[in-house]
Amino acid sequence: MRLEAQGITVALGRRRVLEGASLAAAPGEMIAVVGPNGAGKSTLLRSMAGLLKPLAGSVALGGRRLADWERGALARAIAYLPQARAVHWPLSVECVVALGRLPHGAGPGSLKEADSAAVDAALTAMDLMQFRQRLATELSGGELARVLVARALAQEAQVLLADEPTAGLDPAHQLALFDRLRRIAAEGRSMVVALHDLSLAARFCNRIVLLKDGRSVADGPPEAVLSSDWLAAVYGIEARLVRIDGLPLVVTASELPSSVSRRSRTAGGAI
Amino acid sequence: MLDRRWAVAWVAAIAALAFLVSLLIGPGGFGLPVGERAFGLVFWEIRLPRALLGALVGAALAMSGAALQGYLRNPLAEPGLLGVTGGASLGAVIAIHTGAAAAFAAALPVGGLAGAALAATAVLMLAGAHTGPLTLILAGVAMSSVAGALTALAVNLSPNPFASVEIVFWMLGSLSDRSLVHVWLAAPFIVTGLLVLSRTGVALDALALGEDAALNLGANLARVRLMVVIGSALAVGAATAVAGAIGFVGLIVPHMLRPLVGYLPSRLMTASALAGAALVLAADVTLRLLPSAIDIRLGVATAIIGAPFFLWLVLKTRRELLP
């Protein structure tokens, strides 16, 4: 099913964070949402998950507006991984991942065969089988991040929206996670990932959506969107996309002079 | 997982045992009184209402505590936080103060119920439509302060010293001298409240991962909040209306159970209801066994058990926070 945000305007409190942003994710696509801090990446993902109601524009899944979806059906169709990594009680890793089965009418302690299989698959995918009895609250930040991705995978939704899933992950697990997400997308699901690592985005995603000040200013394949012109216009940096051993890499040279005055609003790119 | 389910069964067995013991023990000694009339009188008029109320009140306080801790994701939350306990106390105190309670016995619990209902409505209106827990806590604290101030005013202005003593003693909480009328008054509200709370379990489990994740897992947070507040208000309001303010049960019972049944709110709530009943019944039976010259109120007993537990909790939390 196709998840499509069309020209959405979203306000948080009094501030308009999105001003007519658009993003469409078709099955099989892996899309990166990039942009400076405060550009509206998280807000776009939260709106597409149905957590925020747009003031204008609409978000539709399979041609039906999210508001018209029944809660449970929406929870089985879209998995959303928040940026804030919260586990409020000392629950076991297995238990946290099993919470992903709640939309399917199961939960920790009441898993049927299909649910257990989904939990095991998610734990295996995130390389967590040996952690399953550990308490999620006693894991390192990166380990916890993988547990929460596993929770979202266990939901077995058609669409996965992940907000900076790789923040705090070591390079090996970053690669493993993106490789895994790309394979899931290739099975016919949609992946939308907000992230800051432009090189990772260029390498694993087949489309990149560039956000600036609440607008989606560019949308296309990595080579087109991560051009020096766009990077200068959006991030205020001098940078370019190069290839080393066939792998894409965004090299940032320096901050452009014109951007110094608004440095607080723009972030340096990634290497 | 299996042993944790057994833990719930064990707690249920202990609660059943405490209920039986409560029926069998009294100032008349162990066992049921012989002689058909004495038996009927003591059993139906004294022991059964007392045991039923003990079980209901304990279950109401502990399950509300577990639900609120789950909803607020704060292990220090307790039912009094909602302002409903204060509202019920104020209602009952007004009934004593105005002399209505002396005129007919049911006026006191009815006043308590009315106070709890008003307090819960006010808290829900104050907290507004926002789904976050912060406004709810603020509204609850504000309501508690208002109710506390007015209760103090009632004691201050009480028409005679007997009324003020009665108010103070009532507020200490007790199950003595309650009849089946009290049971009939409180039971429908408490049972309804517990049923409402038991339906929030799945959403409270999902909330363990934060509000956004819970919404994504299909939880209706606005509805859950309404159900937690209304369920707690019904259960705790009715419990306070018939038994007075009995503190610490809602706070400590979930803590005592977490090592046994785990931290998942849904499982903790059921176990808490059973363990709360067992704790209040046990405390009440213990007080009944004291010599009659030592009249310690139930709320005082739970506070004497609860306060050191709270201190231990502070030390434990401090230890866990240290690197």
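Placed above this text is the structure.
Read on for a plain summary of the structure. These numbers were taken from a predicted model, which means no experiment stands behind them. (Residues numbered from 1 in each chain as written. Chains lettered and ligands numbered in written order. Predicted model: local features only at pLDDT ≥ 70, side-chain atom pairs only at ≥ 80, totals over all residues. Heavy atoms only, no water.)

This part takes up the sheet that holds strand β10 (residues 215-220) of chain A. Residues and elements named next belong to chain A. The strand order β6-β7-β8-β3-β9-β10 describes an open sheet built from 6 strands, whose pairing is mixed. Looking at which strands have only one partner, the edges of the open sheet turn out to be β6 (78-81) and β10. The sheet shows a mean angle of 15° between the axes of neighbouring strands, direction not considered. Relative to strand β7 (residues 159-163), β6 runs parallel, the two sharing 4 bridges. Bridge pairing links A79 to L160 in β7. Of the strands in this sheet, β3 (30-34), β9 (207-212) and β10 touch helix α9 (residues 228-235), which is tilted by about 30° from β9. (Pairing = 2+ DSSP bridges. Helix = DSSP H or I, 4+ residues; strand = E, 2+ residues; numbered from the N terminus. Axes fitted to C-alpha atoms, helices over the stretch in contact; angles between N-to-C directions. Contact = heavy atoms within 4.5 Å.)

Further remarks concern a positive patch on the surface. A grouping of A:K53, A:R71, B:R199 and B:R223 is seen on the molecular surface, where their side chains present a positively charged patch. Relative to the helices and strands, B:R199 resides in the loop between α8 (180-198) and α9 (201-207). Residue classification places B:R199 among the exposed residues on the basis of a relative accessible area of 63%. (Patch = residues over 30% accessible without salt bridge, like charges linked within 9 Å, V, L, I, M, F, W, Y side chains within 5 Å. Areas by Shrake-Rupley, 256 points an atom, 1.4 Å probe, with all protein chains shown as cover. Salt bridge = Lys/Arg side-chain N within 4 Å of Asp/Glu carboxyl O. Lys, Arg positive; Asp, Glu negative; His and termini not counted. Charge placed at Lys NZ, Arg CZ, Asp CG, Glu CD. Buried < 20%, exposed > 50% of the residue type's maximum accessible area, 1.4 Å probe, protein only.)

Contact with chain A, which involves 26 residues of that partner, is made by 27 residues of chain B. Put simply, chain A and chain B have 1 salt bridge between them. A:R46 is the salt-bridge partner of B:D212, the closest N and O atoms lying 2.9 Å from each other. For the pair chain A and chain B, the number of links is 7 residue pairs in polar contact (both at pLDDT 80 or more). Looking at the side of chain A that touches chain B, the element that brings in the most residues is β6(A), giving 3 residues. A per-class count over the side of chain A that touches chain B returns 18 nonpolar, 5 polar and 3 charged. (Polar contact = N/O pair within 3.5 Å; in protein donor to acceptor, adjacent residues only side chain to side chain. Nonpolar A, V, L, I, M, F, W, Y, C, P; charged D, E, K, R; others polar.)

The next point concerns the pattern of salt bridges. Residue and element names in this part refer to chain A. In total, this model carries 17 salt bridges over all chains according to the counting rule given. The partner of R16 in a salt bridge is E19, with the nearest N and O atoms 3.8 Å apart. The class for R16 is partly exposed, based on a relative accessible area of 48%. Salt-bridge contacts for D115 lead to R101; the nearest nitrogen and oxygen are separated by 2.8 Å. Remark: R101 occurs in the loop between α3 (93-98) and α4 (113-125) and D115 occurs in helix α4; sequence separation between them is 14 residues. Look at R101 and you get buried, because its relative accessible area is 3%. Ionic contacts of the salt-bridge type, sharing partners, join the residues E29, R207 and D219 into one network.

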